[in-house]
Amino acid sequence: MERDEIYLFDLWRILRREWKWCAAALLLALVATYAFAHLARRQWEATAWIQIGQVGPAPSGQDPKVEPLLRVIERLQTTAFQADVMRSVGLAPDAPEAKLYHRSMKLEPMPYAGPMVRLSVRAYSPQQARQLAQATADRLRAIHRAIAAAPLSLARTRLDEVQAELKNALAERDRLLQAADGNDAGAKAPPLAGVLLAGMSEDIRNLQMQRNDLLMRLSANYTYETFLPWPVYVPEGQAFPNPAITWGIGLLAGLCLGMFAAVARNATRRMR
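Residues numbered from 1 in each chain as written. Predicted model: local features only at pLDDT ≥ 70, side-chain atom pairs only at ≥ 80, totals over all residues. Heavy atoms only, no water.

A. Looking closely at the overall build of the protein chain. Broken down by element type, the protein chain carries eight helices and three strands. Its helices and strands taken in sequence order, the protein chain reads α-α-β-α-α-α-β-β-α-α-α from the N to the C terminus. For the protein chain, buried positions account for 35% of its 272 residues. In the protein chain, of all internal contacts separated by at least 6 residues, the share reaching a separation of at least 24 is 78%. Carbon and sulfur atoms make up 60% of the accessible area of the protein chain, which amounts to about 17000 Å² in all. (Helix = DSSP H or I, 4+ residues; strand = E, 2+ residues; numbered from the N terminus. Buried < 20%, exposed > 50% of the residue type's maximum accessible area, 1.4 Å probe, protein only. Contact = heavy atoms within 4.5 Å. Areas by Shrake-Rupley, 256 points an atom, 1.4 Å probe, with all protein chains shown as cover.)

Okay, here's the thing in structure tokens:
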């Protein structure tokens, strides 16, 4: 413990003696920090939350999501997908903006929130960062729309068939009710019409249940496209270089460099 105190005291004496070297090193580090903070190309980060689409009338036992969460994340990371996004905003795949987009993309799965994917990308302006995040979501929506087209078409076709069958069944029931009242078939028709009417009522109930189930599954609560539940968020301040972090690191580096310069200068003096 005493050795530590003596060492710190000796270090303080060295810094007092060689304060010019310490101050020069610190000043040099601060100048370099200032130059970096003002010359480094600024970057802004946009964050988007992507809700994965769903097809309500999916077969029993299957995931109603258009695409599984992990497969969505893998798709977003592919070079082909990112190249399509760049083309959609008019950027070449080898442009600096495209390289920054590839480098900076961060994906966070949120399986218990929809599921959703939180996407973060960077660009050299707030407007471009927002545009790239929106373009990524739009491209994913277009792909999911194509995937969901076939099952949705089959579900709507089935709904049309059920509604047509229900309409015919209701018309047939009305005819049988008239027959049961003796309006159509005379005295011999009512008993037969009553038997047919009981079976027809059961068929109508089944068709109504099928229609209501399909209507519910095709409603907006169970069937929807991939979308952004909230607008793309871009903070007002730049993401890089961060002024507070940059100056903090510069000051710390300057102090360390100043202490090293003072100790080195003192050692050089003693060697003479």
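That was the structure; now back to the text.
B. Structural detail: the packing of aromatic side chains. Overall, the coordinates contain three aromatic pairs when judged by the stated rule. Relative to Trp 230, the ring of Trp 49 has its centre 5.9 Å away and its plane inclined at 85°; by these criteria the two rings are edge-to-face. Residue Trp 49 is located in strand S1 (residues 44-51), and its partner Trp 230 is located in the loop between helix H7 (189-217) and helix H8 (243-271); the two are separated by 181 residues in the primary sequence. The interplanar angle of 90° and the centroid separation of 6.0 Å between the aromatic rings of Tyr 224 and Phe 227 together place this pair among those described as edge-to-face. Take Tyr 224: its relative accessible area is 22%, and that puts it in the partly exposed class. Its end group placed over the ring of Tyr 124, Arg 41 keeps NZ or CZ at 3.6 Å from the ring centre. (Phe/Tyr/Trp six-rings, centres within 6.5 Å; stacked < 30°, edge-to-face > 60°. Lys NZ or Arg CZ within 6 Å of the ring centre and 35° of its normal.)

C. How the structure looks around the packing of helix H3 (residues 69-77) against helix H4 (residues 79-88). The N-to-C vectors of H3 and H4 enclose an angle of 60°; their axes lie 5 Å apart at closest approach. Side by side, H3 and H4 meet where Arg 75, Leu 76 and Gln 77 of the first sit next to Thr 79, Phe 81 and Gln 82 of the second. (Axes fitted to C-alpha atoms, helices over the stretch in contact; angles between N-to-C directions.)

D. Inspection of H8 at higher detail. For H8, with 29 residues, the first-to-last C-alpha span of 41 Å sits near the 42 Å given by 1.5 Å per residue. Taken together, the buried positions of H8 are occupied by Thr 246, Gly 250, Gly 254, Gly 258, Ala 261, Ala 262, Arg 265 and Asn 266. Measuring from the backbone nitrogen of Ala 244 back to the side-chain oxygen at the start of H8 gives 3.1 Å, which picks out Asn 242 as the cap. (Expected span 1.5 Å × (residues − 1). Polar contact = N/O pair within 3.5 Å; in protein donor to acceptor, adjacent residues only side chain to side chain.)

E. Structural view of the side chain of Thr 226. With respect to the helices and strands, the residue Thr 226 is situated in the loop between H7 and H8. The class of Thr 226 is buried, set by a relative accessible area of 3%. Of the polar contacts made by the side chain of Thr 226, one reaches the backbone nitrogen of Gly 53; its length is 2.9 Å. Among the polar contacts listed, one links the side chain of Thr 226 to the side chain of His 144, at a separation of 2.6 Å. Leaving out residues up to four positions away in the same chain, Thr 226 has contacts with Ile 50, Gln 51, Ile 52, Gly 53, Leu 140, Arg 141 and His 144.

F. Summary view of the nonpolar core. Residues Val 117 and Leu 132 are the most contacted members of the largest nonpolar core, which totals 33 residues. For this core, the elements supplying multiple residues, two or more each, are S1, H3, H4, helix H5 (96-104), strand S3 (116-123) and helix H6 (126-180). The leading source of residues in this core is H6, at seven residues. If near-sequence neighbours (up to four positions away) are discounted, Val 117 is found in contact with Ala 48, Trp 49, Ile 50, Ile 52, Leu 69, Val 72, Ile 73, Leu 76, Leu 107 and Glu 108. Ala 148, Ala 155, Leu 166 and Ile 204 belong to the second largest nonpolar core, which has 15 residues in total. (Core = buried A, V, L, I, M, F, W, Y, C linked by side-chain atoms within 4.5 Å.)

G. Structural detail: the environment of Leu 119. As for its placement among the helices and strands, Leu 119 is situated in strand S3. On the accessibility criterion, Leu 119 (0% relative accessible area) is buried. Counting along the chain gives 46 residues from Leu 119 to Ile 73, while the straight-line C-alpha distance between them is 9.6 Å. Look past the residues within four positions of Leu 119 in its chain and what remains in contact with it is Ala 46, Thr 47, Ala 48, Ile 50, Met 105, Lys 106, Leu 107, Ala 133 and Thr 136.

H. Broad picture of the sheet that holds strand S2 (residues 106-110). Here three strands make up an open sheet; going across it, the order is S1-S3-S2 and the pairing antiparallel. What marks the edges here is a single partner per strand, and that holds for S1 and S2. For this sheet, the mean inter-axis angle between neighbouring strands, taken without regard to orientation, is 15°. Sheet topology note: the S1/S3 ladder contains eight bridges and is antiparallel. Residue pairing for S3: Ile 50 is matched across the bridge by Val 117. Strands S2 and S3 of the sheet are contacted by H3, whose axis makes an angle of about 170° with S2. The sheet strands contacting H5 are S2 and S3, and the helix crosses S3 at an angle near 140°. (Pairing = 2+ DSSP bridges.)

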